[in-house]
Amino acid sequence: MDKTLEVTLILAVGLLVLDVVWGVFTRYAIGQQANWTEELARFLLIWVSLLGGAVAFGTKGHLGVDYFVGKFHPDARKAVAVLGHLVVLFFAGAIFLYGGFQVVRDALAMEQMTPALGWKMGYVYLALPIAGVFMVLYSVENLIETVTESTAEPDKSESQESTSETSSKTSSKTQEASK
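What you see is a predicted model; the values in this text were computed from it and never measured. (Residues numbered from 1 in each chain as written. Predicted model: local features only at pLDDT ≥ 70, side-chain atom pairs only at ≥ 80, totals over all residues. Heavy atoms only, no water.)

Caption draft 1: Fine view of unusual backbone geometry. Positive phi values are uncommon outside glycine, yet Lys-60 reaches one of about 55 degrees. Relative to the elements of secondary structure, Lys-60 occurs in the loop between helix 2 (37–58) and helix 3 (74–109). Here Lys-60 falls in the partly exposed class, since its relative accessible area comes to 49%. (Helix = DSSP H or I, 4+ residues; strand = E, 2+ residues; numbered from the N terminus. Buried < 20%, exposed > 50% of the residue type's maximum accessible area, 1.4 Å probe, protein only.)

Caption draft 2: Examining the nonpolar core more closely. Core analysis: the biggest nonpolar cluster contains 17 residues, and Leu-5, Leu-9, Leu-50, Leu-51, Phe-134, Met-135 and Tyr-138 have the highest contact counts within it. When residues of this core are traced back to their parent elements, those giving at least two are helix 1 (2–30), helix 2, helix 3 and helix 5 (127–148). (Core = buried A, V, L, I, M, F, W, Y, C linked by side-chain atoms within 4.5 Å.)

Caption draft 3: Main features of the pattern of salt bridges. Evaluation of the coordinates by the stated rule reveals four salt bridges. Residues Lys-60 and Glu-145 are paired through a salt bridge, measuring 2.6 Å at the closest nitrogen-oxygen approach. Separated by 85 residues along the polypeptide, Lys-60 in the loop between helix 2 and helix 3 and Glu-145 in helix 5 bring together distant segments of the chain. Given the relative accessible area of 36%, Glu-145 is considered partly exposed. Between Arg-105 and Asp-106 there is a salt bridge, and its shortest N-O distance comes to 3.1 Å. Of the residues examined, Arg-105 reaches a relative accessible area of 47% and is grouped as partly exposed. Of the residues examined, Asp-106 reaches a relative accessible area of 35% and is grouped as partly exposed. (Salt bridge = Lys/Arg side-chain N within 4 Å of Asp/Glu carboxyl O.)

Caption draft 4: Region of interest: the confidence of the model for the protein chain. Here the protein chain shows a mean pLDDT of 86. Residues at 70 or above account for 84%. Ranking the helices and strands of the protein chain by mean pLDDT puts helix 4 (residues 121–125) first, with 96, and helix 6 (residues 156–178) last, with 48. Ignoring residues within four places in sequence, the model shows residues 154–167, a span with pLDDT below 50, making five contacts including any to other chains. (pLDDT = per-residue confidence, 0-100. Contact = heavy atoms within 4.5 Å.)

Caption draft 5: Representation of the side chain of Thr-114. Here Thr-114 lies in the loop between helix 3 and helix 4. Within the local environment of Thr-114, its side chain forms a polar contact with the backbone nitrogen of Gly-118, the two atoms lying 3.0 Å apart. Ignoring sequence-local partners within four residues, the contact set of Thr-114 consists of Glu-39, Phe-43, Trp-119, Met-121 and Val-124. (Polar contact = N/O pair within 3.5 Å; in protein donor to acceptor, adjacent residues only side chain to side chain.)

Caption draft 6: Spatial organisation of a nonpolar patch on the surface. Nonpolar side chains collect at one region of the surface, where Leu-83, Val-87, Phe-90, Phe-91 and Ile-95 lie side by side and expose about 510 Å² of accessible area between them. By secondary structure assignment, the location of Phe-91 is in helix 3. (Patch = residues over 30% accessible without salt bridge, like charges linked within 9 Å, V, L, I, M, F, W, Y side chains within 5 Å. Areas by Shrake-Rupley, 256 points an atom, 1.4 Å probe, with all protein chains shown as cover.)

Structure representation (structure tokens):
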């Protein structure tokens, strides 16, 4: 599933680049831009953005500020992570899946067409529910991973603190012994 989505994104970005290059070429070399290139670029950018966001979510590549959460006890960090996954799951389901399918349904029912390409707008809007499916799947996967992982392992920051405390105690004892 991951590779298929990544390959699809690579192809879409490649097509987007070719489309923009063709639009620039026709504008400056021929004197009149092909009327469909701008519209196709806009639609490809929508798809690349939404599917790219799903890929980033799946690879845990989104930015996160976890400074304060990192200071919590491991059990509390796990609870916060589970809560975060549940919130994302809710919003991905409500906004992307449910809302996306509503937008697609309404656009297809109204028979909205794109001006230059003549495509049904509902097909363009399909990027929302498709990205939502991937986000929900990745959310469930991340939630299961978080719930099943052990919290007994010491955190890196805790082990670094205990190492620095041990070394400072050792140096204090060495200084006292030398006096």
